[in-house]
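Each chain, written out:
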Amino acid sequence: MTRNLLSERVCDAVALLTGKHTVRCPYLGCGVSIRYRAVTPDEAKRLTDLATDHTRH
């Protein structure tokens, strides 16, 4: 399944305006993304590590 990068970026921008952060897996073809808001710095790091480590999903 091909991801529509423009629509994803628009949704990410809208989410950022509402205070949410989006982290996506950098692996080409992987559709995993995590969006979070109002978490501790430790939890933000954990979620970022989870989203960017393709071997974990």
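A brief report on the enclosed structure follows. Computed from a predicted structure; not experimentally measured. (Residues numbered from 1 in each chain as written. Predicted model: local features only at pLDDT ≥ 70, side-chain atom pairs only at ≥ 80, totals over all residues. Heavy atoms only, no water.)

Going through the model one piece at a time under the given rule, you end up with 6 salt bridges. Glu8 is the salt-bridge partner of Arg24, the closest N and O atoms lying 3.7 Å from each other. On the criterion of sequence distance, the pair formed by Arg24 in strand E1 (residues 21-24) and Glu8 in helix H1 (residues 5-17) is long-range, its members being 16 residues apart. A residue is classified by how much of its surface remains accessible, and Arg24, at 16% relative accessible area, is buried. Between Arg24 and Asp12 there is a salt bridge, with its nearest N and O atoms 2.9 Å apart. Residue Arg24 is located in strand E1, and its partner Asp12 is located in helix H1; the two are separated by 12 residues in the primary sequence. For Asp12, a relative accessible area of 13% puts it in the buried group. (Salt bridge = Lys/Arg side-chain N within 4 Å of Asp/Glu carboxyl O. Helix = DSSP H or I, 4+ residues; strand = E, 2+ residues; numbered from the N terminus. Buried < 20%, exposed > 50% of the residue type's maximum accessible area, 1.4 Å probe, protein only.)

Looking now at the state of the cysteines. Inspection of the entire model under this criterion finds 0 disulfides. No disulfide involves Cys25; its sulfur sits 3.7 Å from that of Cys30, the nearest cysteine. Residue Cys25 is classed as buried on the basis of its relative accessible area, which comes to 3%. (Disulfide = S-S within 2.5 Å.)

A one-sided burial pattern is seen for strand E2 (residues 33-36), the buried positions being Ile34 and Tyr36 and the unburied ones Ser33 and Arg35. Inspection of the sheet shows E1 paired to E2 by 4 bridges, in the antiparallel sense. Residue pairing for E2: Val23 is matched across the bridge by Ile34. (Pairing = 2+ DSSP bridges.)

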